[in-house]
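A closer look at the structure
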Amino acid sequence: MIYEMLKQYRQAVPTYFAKTHALVDSLPRLTPEPGSTPDAVTANGSWIVASLMAKLLWTLSTHANLLRYEIRFCAGPNYATENESVIGTVSAGGLLEFLTDSGLTTPGNVASFKVYVITTTGNEKGSNTVVVTRPAA
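Residues numbered from 1 in each chain as written. Predicted model: local features only at pLDDT ≥ 70, side-chain atom pairs only at ≥ 80, totals over all residues. Heavy atoms only, no water.

So, on to the pattern of salt bridges. Oppositely charged side chains are able to pair whenever their charged atoms sit close together. Under the criterion given, the structure shown has 5 salt bridges. A salt bridge links R68 to E70, with the shortest nitrogen-to-oxygen separation between them at 3.2 Å. Judged by relative accessible area, E70 falls into the buried class, the value being 9%. The closest approach of N and O atoms between E84 and R72, which form a salt bridge, is 2.8 Å. Placement of E84 in the loop between β3 (66-75) and β4 (85-91) and of R72 in strand β3 is noted, with a sequence separation of 12 residues between them. Taking relative accessible area as the criterion, R72 reaches 7% and is therefore assigned buried. (Salt bridge = Lys/Arg side-chain N within 4 Å of Asp/Glu carboxyl O. Buried < 20%, exposed > 50% of the residue type's maximum accessible area, 1.4 Å probe, protein only. Helix = DSSP H or I, 4+ residues; strand = E, 2+ residues; numbered from the N terminus.)

Printed below as a string of structure tokens:
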């Protein structure tokens, strides 16, 4: 529904202002620029007892337009994109690791994670699902 409203807005604004007006020029894109979808990275993770956090590691993306990596999670052992939440980002060129306790604050909790490659053109691709269990006390 929001997409349709934004689409209507994008269509209406140019009818009120000149094509070179700043408001027309500043309208954001509704879809990514054309470009290739990046290859997914391979991720793995484990529970680190000393820090009481999960440590996620992933392979390097070699995509020419790499902007950042986005770490997303779902509570429980089954990853579902409609339920995912972004819990952090790592800039291109940053360390290929991330520490988190998202979904794992209580002994016995299970959380699922993916690392997304995000390009400067707005394209993205998610890694394999990594499931981490916090051991029972």
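A complete count under the given rule lists 2 aromatic pairs for this structure. Seen in terms of ring centroids, W58 and Y69 are 5.5 Å apart; in terms of plane orientation they differ by 55°. Their pairing is tilted. Highlighted residues: W58 in strand β2 (residues 53-58) and Y69 in strand β3, separated in sequence by 11 residues. Judged by relative accessible area, which is 6%, W58 ranks as buried. Residue Y69 is classed as buried on the basis of its relative accessible area, which comes to 0%. (Phe/Tyr/Trp six-rings, centres within 6.5 Å; stacked < 30°, edge-to-face > 60°.)

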